[in-house]
Structure formats: structure tokens, C-alpha cells
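So you can see what is in the structure, the chains are spelled out below.
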Amino acid sequence: MTRPPLPVVVLAGFLGAGKTTLLNHVLRHAGGRRIGVLVNDFGAVNIDALLVSGQSGGTMNLSNGCMCCTTDAGDLAETLATMAAPANGLDAVLIEASGIAEPRALVRMVLAARSARLAYGGLVYLVDAANYVPTAAAHPQIVDHLSIADLVVCNKIDLCADESDAARVLDAVRAANETAPLVPVRHAAVDPALFFDPVERIVGDDGPRQLSFDELLFADEHDEHGPDGHADHRHGDHLHDGFDSASLETDRPVNPRRLARFLERPPAGAYRIKGTVLIDHPDHRGVAYTVQAVGGFVSVDAGSWRGRTPGTSLVVIGAGLDPAAARDALEQTLIPAEADDPTGILHLTRHLVE
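Criteria and thresholds
Residues numbered from 1 in each chain as written. Predicted model: local features only at pLDDT ≥ 70, side-chain atom pairs only at ≥ 80, totals over all residues. Heavy atoms only, no water. 1 Å grid on protein atoms, 1.4 Å probe; cavity = no way out; pocket = protein on both sides within 12 Å on 5 of 7 lines; lining within 4 Å. Points joined across faces, edges and corners; volume = space filled by probe spheres on them. Helix = DSSP H or I, 4+ residues; strand = E, 2+ residues; numbered from the N terminus. Nonpolar A, V, L, I, M, F, W, Y, C, P; charged D, E, K, R; others polar. pLDDT = per-residue confidence, 0-100. Contact = heavy atoms within 4.5 Å. Buried < 20%, exposed > 50% of the residue type's maximum accessible area, 1.4 Å probe, protein only. Pairing = 2+ DSSP bridges. Right-handed = clockwise from strand over helix to strand, strands pointing away.

Caption draft 1: Examining empty space enclosed by the protein more closely. Summed over all chains, the structure comprises two cavities of 30 Å³ or more. There is about 40 Å³ of room inside the second largest cavity. Lining the second largest cavity are Arg114, Ala119, Tyr120, Gln292, Phe297, Val298 and Ser299. At the level of elements, strand E7 (118-128) and strand E13 (297-304) are the ones that each hand at least two residues to the lining of the second largest cavity. In terms of residue count, E13 provides more of the lining of the second largest cavity than any other element does, three residues in total. Residue classes in the lining of the second largest cavity are distributed as four nonpolar, two polar and one charged.

Caption draft 2: Inspection of the confidence of the model for the protein chain at higher detail. The predicted model of the protein chain has a mean per-residue pLDDT of 78, with 75% of residues at 70 or higher. The least confident element of the protein chain is strand E3 (residues 52-56), whose mean pLDDT is 30; the most confident is helix H9 (residues 323-332), at 96. Here residues 41-68 is modelled with pLDDT under 50, and outside its nearest four sequence neighbours on either side it reaches 68 contacts, counting other chains as well. Confidence drops under pLDDT 50 across residues 199-209; counting only partners more than four residues distant or on other chains, this segment forms eleven contacts.

Caption draft 3: Examining the environment of leucine 15 more closely. Following the sequence through the fold, leucine 15 ends up in the loop between strand E1 (6-13) and helix H1 (19-28). The exposure class of leucine 15 is exposed, given its relative accessible area of 72%. Counting along the chain gives 111 residues from leucine 15 to leucine 126, while the straight-line C-alpha distance between them is 9.7 Å.

Caption draft 4: Seen up close, the pairing of strand E8 (residues 151-155). Buried residues dominate E8, accounting for five of its five residues. Here E8 shows no split at all, with Leu151, Val153 and Asn155 on one side and Val152 and Cys154 on the other all buried. Where E7 and E8 come together, five bridges link them in parallel fashion. Within E8, the position partnered with aspartate 128 by the bridge is asparagine 155. Two strands pair when backbone bridges link them, and E8 and strand E9 (residues 182-184) are joined in this way by three bridges, in the parallel orientation. Each bridged residue has a counterpart across the sheet, and for cysteine 154 the counterpart in E9 is proline 184. You can see the chain leave E8, run along helix H6 (residues 163-176) and come back into E9, and the turn it takes is right-handed.

What follows is the structure, given as C-alpha cells:
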């Protein structure tokens, strides 16, 4: 089965908001996933140098297969295409936007680079909750950046003076972006499942291979595990805090017009929608359509059902999501099309990537 498109996630935020902390957190809890990381200056990324296995040109090869590249924005499309090569086996690319003044421009470049191998994974904007109000007053462009985010991470929420102060900050952030999922966290502990699917930890070993970042650190993270060996959540940094999902799995086909509307206008709190759908249309019954949507940006890939049982499988992932409402919205995509709607399929296929 062909690999799904590689999600490219842009991490942005004002200095000190916690981008690097979030990046390291995701690397530590990748669940065996291989992550590509693009930054403007490797020296700005606080990854333990002892975990770097080697350097060649502008590419850093880390022990988890991550690649930290010093790259010019003009080379972004070419760089992403290279990273998306199947031989690299990456599951996501995270771009830290430090040093790039306008996240909007970087998002446009990522969207322009989309292909059958690449998918826009969203703009994740980090906010320093303890300093947001004075920082936004001094740098009003932050509010503009927030307004286009697909996911807002309100970091350092524990450093607010009290609960009422935290509530005021969240209200101010929400005023800047009323639709994006908002995740209040401490220590930038965002659930990696928002960016890519979790996988079971690799326990077997059939030969030499690179260890993933989290495998390498698993035995050494005594501070994150209690005496019984289980994760210690006394500090409130549960990986699944604020994370919600809704799913649909059926052998029934979708209504392409309704599905396209659902992907383009996702439920409140939805950050990512993905899955494979069955279309009951004379010219499309043998096609497995893989769909992905982040913040209203939709991509569709046409593939084969070879080795799989045709059907519809969709999942909505978000924060502040109403799972019941999202599930109902998913069910609505199964309502059959009208007999006189032969062009409904075009609403979906217009999002096909080359």
C-alpha cells in the first residue's frame, strides 16, 4: 500500500513562546515515528548535541532519523520534495518558523509545494500565556499571525497569576481567532497525535537500524516515570489533555458533495480530518480516495483498493471538539446524493493533487 501524503506542519510564535520546547516534546513522544525538522538556524534548536549522529552539508542526521536542515525559504519546495521521498520513511515534517517574520508567507510556500507526496499539516501558533497581553500590545502583528492559525497552543498557562488571569488570556487569544482549536498547556506538552497517527512502540529488532528519538530516551526518562515504570502525570502534563476525536467506519459510500462541504467547513474545534472514502459513482467505484483537511485546506489523492476492502473510514481530530456533533456531521456525509446530481463528484475531485 502506498504511503499517505507527508504532513508538513508549520510551528510559529513569538520569541520565548515555546516552539523549541514543543518540538523536543514531539520528538520525545513520537511513538516510533520518523520526523523531519526544518529550521533556519540549527543552533537555535535546543536538541542535545550528544544525540546528533552526524552532519553532512546542510543536513543534520539525528538518532531518530530526524533531519534538521539549514534552508533558504526559496528552496523550500525542493527541500520538502526531497524529504518526502519514500526512501526517507518520514511520517511528518515540522518547520520551525523562527527567524521568518511572516508565517503567512511560509504557509503559502508550503501550500504551493503540495503534491501527492505532501500535504499541508497546518499552522500551529504558540502563545506565551503569562506574557501574551503585554507582548501583543507591543507587537500587534502577533494578533494577525494568530488570526490565520489552524491550531493555537496557549503555552505556560500555569504561569498565569491565577485562574481568572488565565481565563482572561484565553478570552483574548480566542478573540484573535474564533475558529481554530485552542489548547492550553504547560511545558508545550501537545499531544503528537494532532500532527500524525500514534503507532505502537517498536519492541522487536530484526537487524541494525536507527533508533527513534523516543526509543533512545525511553530508558533514561526517569523524571517522567514513577517507581512502577508507568508515566508519572503528577504535573498535569497528560499527553491527551484537550485532545478529542470522532470517527466513522462503514462499508457505505459517501456523498461527494456533502463530504467536500464537510472537509471545507469542518466542525468547531476540528484541526485535522483524514481518511479513505468509497464513492458510488459509475466512473469512480474502483477508486480509493484518500482525503486530508487542515483548517479548510483540502487535499484528495486517488488510489487503488488493492489489498483492502472498499469502504469509508474517516477521523476528525481536534481540541475543544464536540465529539457527538462531529460524529453527527460525519454521518451526514453518508446521505445519498440526489439522482439529478451527476456533477457532485466534482466538488471532491477539484481538490485532487497531482
